[in-house]
Amino acid sequence: MEGFPLPIYTAQVDAKTKLDEKVDYSNLPCPVVYEEIHREAHSALKPDLFEGFRLDYNKLLNQKFFLSHSVLMGPTEVQSPSSEIFKIPTSNYEFGANYVDPKLLLIGRITTDGRLNARVKYDLTDNFSIKANALLTDEQDKSQGHFTFDYKGSDFRTQLQLGNNSLYGANYIQHVTPHLSLGAEAFWLGQQLMSGVGYAARYETDKMVASGQVASTGLAVMNYVHKVSEKVSFATDFIYNFLSRDVTASVGYDFIFRQSRLRGKIDSKGVAAAYLEEQHASGLRFLLSAEVDHVRKDYKFGFGVNVG
């Protein structure tokens, strides 16, 4: 009708409802394992770099069991009293057997230099699992054995670790808010008569992950990862040893494309690195690895092929 103004509706925000919204502390998420609080930063800043030629072949025997063959040909650095770097050509072959089940994981590796690696993970229940790692070698006092008992609660995780040479350790991490988790660890090395404690914090959202860790051994680590999208993220870390006064800072990136993934970093010591994985429909995966240390004049380049 003409002459009558149209009604005007205004959107009103119920401030009282927003104030009444509280965090349900009885329903917090379960945090990551204490030893993996930096996993996003390590994924971008610490890829599996190598030098020389690398060939990996995986043979699937059934849905749970497969064999792996790995050949690495490249130089090995030899320590010298001077700062000069010496490299000698070497080659190594590794044979592996793997069994993967929803509750049981068995991994074995043996190399031509006499090293045997074994790893076992068994889930007794949905919340309690046992892990075992072993390294057997001909070198004196180099063989190692390690057991980890992992318990996962609704909003916390805890681990108990036992190893040879009188190694005892324990850690605990707890979500205190929907985004913040805090943790602590303690360990004792009986053979070295050394003990230590550490503390950690991790804050994560859909767009970022920030983590920090400090230990009585003298190491302090801080990481930050910013997720631009599901396929693009940037990372930075800061590592400080307050006993030796050594400081290292680095920045890196992680790009995931349709058939490839590119990761790289550059740090405050002049080391730049890049790692490229290219996936093909035929089951082949090509790897390119590069690390350049301008200060030490050490240059490492690698090319790899993964089949299966």
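Please read these numbers as outputs of a predicted model, since none were measured by experiment. (Residues numbered from 1 in each chain as written. Predicted model: local features only at pLDDT ≥ 70, side-chain atom pairs only at ≥ 80, totals over all residues. Heavy atoms only, no water.)

Let's shift gears to a nonpolar patch on the surface. On the surface, Phe147, Leu160, Leu162, Tyr168, Trp188 and Leu193 cluster together into a nonpolar patch covering about 600 Å² of accessible area. Inspection of the secondary structure puts Leu162 in strand E8 (residues 156–163). (Patch = residues over 30% accessible without salt bridge, like charges linked within 9 Å, V, L, I, M, F, W, Y side chains within 5 Å. Areas by Shrake-Rupley, 256 points an atom, 1.4 Å probe, with all protein chains shown as cover. Salt bridge = Lys/Arg side-chain N within 4 Å of Asp/Glu carboxyl O. Helix = DSSP H or I, 4+ residues; strand = E, 2+ residues; numbered from the N terminus.)

Another aspect to go through is the layout of surface pockets. Volume-wise, the largest pocket comes out at about 270 Å³. Taken together, the elements giving at least two residues each to the lining of the largest pocket come down to strand E10 (180–189), strand E12 (208–215), strand E13 (219–227) and strand E14 (232–241). Ranked by residues supplied to the lining of the largest pocket, first place goes to E12 with 3 residues. Residues that form the lining of the largest pocket fall into these classes: 8 nonpolar, 4 polar and 4 charged. (1 Å grid on protein atoms, 1.4 Å probe; cavity = no way out; pocket = protein on both sides within 12 Å on 5 of 7 lines; lining within 4 Å. Points joined across faces, edges and corners; volume = space filled by probe spheres on them. Nonpolar A, V, L, I, M, F, W, Y, C, P; charged D, E, K, R; others polar.)

All chains considered together, the criterion is met by 8 aromatic pairs. Seen from their ring centres, Phe234 and Phe255 are 5.9 Å apart, and the 85° between their planes marks the pair as edge-to-face. Within this pair, whereas Phe234 is found in strand E14, its partner Phe255 is found in strand E15 (residues 246–256), the two being separated by 21 residues in sequence. Among the aromatic residues, ring-to-ring pairing joins Phe234, Tyr253, Phe255 and Phe257 into one connected group. (Phe/Tyr/Trp six-rings, centres within 6.5 Å; stacked < 30°, edge-to-face > 60°.)

Moving on: the pairing of strand E19 (residues 298–307). Summarising the sheet, strand E1 (residues 52–60) and E19 pair through 6 bridges and their orientation is parallel. Among the inter-strand pairings, Phe53 is bridged to a residue of E19, identified as Phe303. Where strand E18 (residues 284–293) and E19 come together, 10 bridges link them in antiparallel fashion. Note on E19: the bridge partner recorded for Phe286 is Val305. Hairpin connection of E18 to E19: 4 residues between the antiparallel strands, including Lys297 at a positive phi of 55°. (Pairing = 2+ DSSP bridges.)

Let's shift gears to the environment of His146. When you line up the elements, His146 lands in strand E7 (residues 144–152). Leave out the neighbours within four places in its chain, and His146 touches Lys131, Ala132, Asn133, Gln161, Leu162, Gly163 and Leu167. A distance of 3.4 Å separates polar atoms of two side chains, one belonging to His146 and the other to Thr148. (Contact = heavy atoms within 4.5 Å. Polar contact = N/O pair within 3.5 Å; in protein donor to acceptor, adjacent residues only side chain to side chain.)

What follows covers the pairing of strand E11 (residues 194–204). Bridge count for E10 against E11 is 10 bridges, and the pairing is antiparallel. By the bridge assignment, Ala184 is partnered in E11 with Tyr199. Linking two consecutive strands that pair antiparallel, namely E10 and E11, is a turn of 4 residues; a positive phi of about 50° is found at Leu193 within it. Note that E11 and E12 share 7 bridges and pair antiparallel. In the strand pairing of E12, Ala200 is matched with Gln213.

Moving on, we come to the nonpolar core. Core analysis: the biggest nonpolar cluster contains 6 residues, these being Ala41, Ala44, Leu45, Val209, Val225 and Ala235. Beyond its immediate stretch of four places on either side in the chain, Leu45 contacts Ala235, Thr236, Asp237, Ser250, Val251, Gly252 and Lys265. With 5 residues, the next largest nonpolar core counts Tyr34, Ile37, Ile173 and Ala200 among its residues. (Core = buried A, V, L, I, M, F, W, Y, C linked by side-chain atoms within 4.5 Å. Buried < 20%, exposed > 50% of the residue type's maximum accessible area, 1.4 Å probe, protein only.)

Moving on, we come to the confidence of the model for the protein. Per-residue pLDDT for the protein averages 89, and the proportion of residues at 70 or more is 92%. This model gives residues 1–20 a pLDDT under 50, and the stretch forms 1 contact once residues within four places in sequence are excluded. (pLDDT = per-residue confidence, 0-100.)

A few words now on the environment of Ser129. Position of Ser129 relative to the elements: it lies in strand E6 (residues 128–136). Given the relative accessible area of 7%, Ser129 is considered buried. A sequence separation of 83 residues divides Ser129 from Lys46, and the C-alpha atoms of the two residues are 27 Å apart. Those residues in contact with Ser129 that lie beyond four places of it in its chain are Lys121, Tyr122, Asp123, Leu124, Thr148, Phe149 and Asp150.

Structurally, the position occupied by Thr137 is in the loop between E6 and E7. Within the structure, Thr137 has its side chain in polar contact with the backbone nitrogen of Glu139 (distance 3.4 Å). When residues no more than four places from it in sequence are discounted, the contact partners of Thr137 are Gly114, Arg115, Lys142 and Ser143.

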